[in-house]
Amino acid sequence: MSKINLIRRFIFSCFKQELLIILCKINYTIREKSDIWMRAAVLGSIWASIEIIVGNFLHGFRMPFTGEILTFFAIYFLTASTVRWKVKGLIWRAGLICAMMKFFTPGVKVFGPIIGIVSESFMFEIALRLFGMNAIGFILGGGLTLCLPLIYKLVNLLILYGWNLVVVFDKSVEFIFRHINLENTDSLMVLLVLLSINFLFGGIAATLGYRSGKKKTEFITENKNNTFVIPSIEYQQKESIG
């Protein structure tokens, strides 16, 4: 064996472990990036199935608070999935896929739900980026996201009926509270109370999803940290690493 080959084998044996670790990091980082859209497709499909099946059922019976109910379930399973995978950018990708699937469903009123789905996913994602992917971030993000359906309804009514709706709402609130012997009640305060109730239920949905995502599952074999995925023992044996 020549001296050059001996030198090559010596250098490779010295840096073999470090080289394999670097290659594993690169391999798993690339795989993690490519898997984001696959995971988003799974979440978006589940979200779309809830919007299409459960949404049409509730709308068919003209159930009140249909948007809030659908958003509650969306916050729950999005939180559980994000806590389990801890992948940034997963929620807004799932929202885009859900919106595209919603677009091809039969019906006339599809643009309103599409705008709602996309805005909710971006609201949740922005909240997690601002407050962090922790319990507080998920609770605040869930609460803000569940406030959006009520805001949609108010904006739609303002577009349809104009600012006269504000006068009607103010007079209605005054009429209702006069009959229950309450005075000096501002209609803006009533609106803030309604938003607070939505925020509370959004926080509850996020809390339930956070607890579900934290539960241990036996089929998860990969250990993650903030930067890359550590190869499991089964993968190392399969790929003959180490």
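These figures come from a predicted structure and were not determined experimentally. (Residues numbered from 1 in each chain as written. Predicted model: local features only at pLDDT ≥ 70, side-chain atom pairs only at ≥ 80, totals over all residues. Heavy atoms only, no water.)

Break down the confidence of the model for the chain for me, citing the residues and quoting the values.
Residue-level pLDDT values for the chain average 76, and 69% of them are 70 or greater. Of all the helices and strands in the chain, strand β2 (residues 229–230) carries the lowest mean pLDDT, 46, while helix α4 (residues 111–131) carries the highest, 90. Contacts from residues 217–231, a stretch scored under 50 in pLDDT, to residues over four places away or in other chains number 18 contacts. (pLDDT = per-residue confidence, 0-100. Helix = DSSP H or I, 4+ residues; strand = E, 2+ residues; numbered from the N terminus. Contact = heavy atoms within 4.5 Å.)

Which residues make up the packing of aromatic side chains, and what are the values?
All told, the structure shown has nine aromatic pairs when counted by the stated rule. Ring plane angle 90° and centroid distance 6.0 Å describe the contact between Phe72 and Phe73, whose orientation is recorded as edge-to-face. Both rings, one in Phe103 and one in Phe104, keep their centres 5.3 Å apart while their planes meet at 85°; by these two values the pair is edge-to-face. With relative accessibility at 41%, the residue Phe103 sits in the partly exposed group. (Phe/Tyr/Trp six-rings, centres within 6.5 Å; stacked < 30°, edge-to-face > 60°. Buried < 20%, exposed > 50% of the residue type's maximum accessible area, 1.4 Å probe, protein only.)

Hey, could you go over the packing of helix α2 (residues 66–85) against α4 for me, with residue numbers and the actual values?
A pair of packed helices can be characterised by two numbers: the angle between their axes and the separation between those axes. As a packed pair, α2 and α4 sit with axes 12 Å apart at the nearest point and diverge in direction by 45°. Relative to α4, the element α2 is oriented oblique. For the pair α2 and α4, the sense of crossing is right-handed. For the pair α2 and α4, contact is made by Thr71, Ile75, Leu78, Thr79 and Thr82 and by Glu120, Phe124 and Leu128, respectively. The residue makeup of the contact of α2 with α4, split by class, is four nonpolar, three polar and one charged. (Axes fitted to C-alpha atoms, helices over the stretch in contact; angles between N-to-C directions. Parallel < 35°, antiparallel > 145°, perpendicular 65-115°, else oblique. Left-handed = near helix turned anticlockwise from the far one by under 90°. Nonpolar A, V, L, I, M, F, W, Y, C, P; charged D, E, K, R; others polar.)

Tell me about the pattern of salt bridges, and please be specific about residues and values.
Enumeration over the complete set of coordinates arrives at two salt bridges. Put simply, Glu68 and Lys153 hold a salt bridge, and the shortest N to O gap is 3.2 Å. Of the two residues, Glu68 is situated in helix α2 and Lys153 in helix α5 (residues 135–161); the sequence distance between them amounts to 85 residues. Take Glu68: its relative accessible area is 10%, and that puts it in the buried class. Classification of Lys153 as partly exposed rests on a relative accessible area of 34%. A salt bridge links Glu125 to Arg129, with the shortest nitrogen-to-oxygen separation between them at 3.2 Å. Of this pair, Glu125 and Arg129 both sit in helix α4, four residues apart, which is roughly one turn of the helix. According to the relative accessible area criterion, Glu125 is buried, its value standing at 7%. (Salt bridge = Lys/Arg side-chain N within 4 Å of Asp/Glu carboxyl O.)

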